[in-house]
Amino acid sequence: MSKVKVVLVTAALCLVIAGPARAVGDPAPDQHGLTTAGGSQVPSIAQGVTSSPTPTQQAPATAQPGASPEPTASPLASSSTGPAAQPSEEATQRALEAGFAKGEGKAADLHGVADSLYKGKWFSAKAEDKRRCIVRKETGGNYESVSSGGDYRGAYQMSRPLAVGAAWMMQAEVRKEFGAEAVATVEKLRDIPTQKWNRYWQDRAFWTIWRNGSGSDHWRVRGC
């Protein structure tokens, strides 16, 4: 074989191995993918993977000038406070007596033997039966009673000096319990006949004088 034929054969083999050149306008190999023997294309790795978008971080919200901050829930606000506290027995009784001092309710009833409307500092549960006995024996429970001579008045048949003295003695305690308005009422009692006092003030006057038994000599009643 001549040298010219060898050169031609070698050149032909090189063209077969190299394959057809990419024509102008053909996609690049990485865009085409691989071409199989049957002419179909195998997608490239770049075509089969979808890139995940990079998450965008939100900047923290900035409070606008003049805007009110969002309320923060308080643990105490969501907790149950339970039932409302009930007033004490003493407070309840004092509220009742404030009404009695004005002549309200039972204080306006001036007839009959009943429980003492006053249950304050000088009241004695142990002596309550004795008090009721004195009222029954003295007047039968008539708070408007006046003795035949006019010297003793009211359910407890107090003399005028004794009743006025009781009004003076009650004044300090009344101020502590009910204030200046009630003190003005007590001051007026000194100018009002004892049988005109309502049931509450007569009961209170008795206990103020009785003072745990130290004033019991004012009532020497048989059978009590």
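Preceding this section is the structure that the text describes.
Residues numbered from 1 in each chain as written. Predicted model: local features only at pLDDT ≥ 70, side-chain atom pairs only at ≥ 80, totals over all residues. Heavy atoms only, no water.

> Describe the overall build of the chain, listing the residues and the values that go with them.
Tallying secondary structure elements over the chain gives 9 helices and 4 strands in all. Element order for the chain, N to C, with α for helix and β for strand: α-α-β-β-α-α-α-α-β-β-α-α-α. Expressed as a percentage of its 224 residues, the buried residues of the chain come to 28%. For the chain, contacts bridging at least 24 residues in sequence account for 59% of all contacts bridging at least 6. (Helix = DSSP H or I, 4+ residues; strand = E, 2+ residues; numbered from the N terminus. Buried < 20%, exposed > 50% of the residue type's maximum accessible area, 1.4 Å probe, protein only. Contact = heavy atoms within 4.5 Å.)

> I'd love a proper account of the pattern of salt bridges, names of residues and values included.
Applying the stated criterion across every chain yields a total of 7 salt bridges. Residues Lys121 and Glu173 are paired through a salt bridge, measuring 3.3 Å at the closest nitrogen-oxygen approach. Within this pair, whereas Lys121 is found in the loop between helix H5 (89-101) and helix H6 (128-139), its partner Glu173 is found in helix H7 (residues 160-178), the two being separated by 52 residues in sequence. Of the charged contacts, one joins Glu173 and Lys176 as a salt bridge, the two residues approaching to 3.9 Å between their closest N and O atoms. Residue Glu173 and its partner Lys176 are both found in helix H7; the two are separated by 3 residues, about one turn of the helix. The class of Glu173 is buried, set by a relative accessible area of 15%. By relative accessible area, Lys176 is classed as exposed at 66%. A single salt-bridge network, built from bridges that share partners, covers Lys121, Glu173 and Lys176. (Salt bridge = Lys/Arg side-chain N within 4 Å of Asp/Glu carboxyl O.)

> Please set out the nonpolar core residue by residue, giving values where relevant.
Grouped together as the largest cluster of nonpolar side chains are 34 residues, with contacts concentrated most on Tyr156, Met158, Tyr200, Trp201, Phe206 and Trp219. Of all elements in the fold, only H5, H6, H7, helix H8 (180-189) and helix H9 (199-210) reach the threshold of two or more residues within this core. Counting residues per element, this core draws most heavily on H9, which supplies 7 residues. In this structure, Met158 is in contact with Asp151, Tyr152, Arg153, Ala163, Gln202, Ala205, Phe206, Ile209 and Trp219, ignoring residues within four places of it in sequence. (Core = buried A, V, L, I, M, F, W, Y, C linked by side-chain atoms within 4.5 Å.)

> Explain the side chain of Gln202 to me, and be specific about the residues and the numbers.
For Gln202, the location among the structural elements is in helix H9. Contacts of Gln202, omitting those with residues within four sequence positions, involve Tyr143, Gly154, Ala155, Tyr156, Met158, Thr194, Gln195 and Trp197.

> A description of the packing of H5 against H9 should follow, citing residues and the corresponding values.
A pair of packed helices is characterised by two quantities: the angle between their axes and the separation of those axes. Look at H5 against H9: their axes get within 8 Å of each other, and the N-to-C directions meet at 115°. With respect to each other, H5 and H9 are oriented roughly perpendicular. Along the contact surface, H5 presents Glu97, Phe100 and Ala101, while H9 presents Tyr200, Trp201 and Arg204. The residue inventory of the contact of H5 with H9, partitioned by class, reads 4 nonpolar, no polar and 2 charged. (Axes fitted to C-alpha atoms, helices over the stretch in contact; angles between N-to-C directions. Parallel < 35°, antiparallel > 145°, perpendicular 65-115°, else oblique. Nonpolar A, V, L, I, M, F, W, Y, C, P; charged D, E, K, R; others polar.)

> Give a description of the state of the cysteines that names residues and reports values.
The term disulfide refers to a covalent linkage connecting the sulfur atoms of a pair of cysteines. One pass over the full model with this rule turns up 1 disulfide. The disulfide partner of Cys133 is Cys224, and the S-S distance across this bridge is 1.9 Å. The S-S bond linking Cys133 to Cys224 shows a torsion near -80°; that makes this disulfide left-handed. With a gap of 91 residues between them, Cys133 in helix H6 and Cys224 in the segment after H9 connect regions that are remote in the sequence. Cys133 gets classed as buried once you look at its relative accessible area, which sits at 12%. (Disulfide = S-S within 2.5 Å.)

> I'd like to hear about the packing of aromatic side chains, residue by residue, with values.
Applying the stated criterion across every chain yields a total of 11 aromatic pairs. With 6.5 Å between their ring centres and 75° between their planes, Tyr156 and Trp219 make a pair best called edge-to-face. Remark: Trp219 occurs in the segment after H9 and Tyr156 occurs in the loop between strand S3 (152-153) and strand S4 (158-159); sequence separation between them is 63 residues. Across the pair, exposure class does not vary: Tyr156 and Trp219 are buried alike. With a centroid separation of 5.1 Å and an interplanar angle of 70°, the aromatic rings of Tyr200 and Trp201 are classed as edge-to-face. Among the aromatic residues, ring-to-ring pairing joins Phe123, Tyr143, Tyr156, Phe206, Trp207, Trp210 and Trp219 into one connected group. Seen from the ring of Phe123, Lys119 lies directly overhead, with NZ or CZ sitting 5.6 Å from the centre. A cation over a ring is seen here: Arg190 above Trp168, with NZ or CZ 3.6 Å from the ring centre. (Phe/Tyr/Trp six-rings, centres within 6.5 Å; stacked < 30°, edge-to-face > 60°. Lys NZ or Arg CZ within 6 Å of the ring centre and 35° of its normal.)

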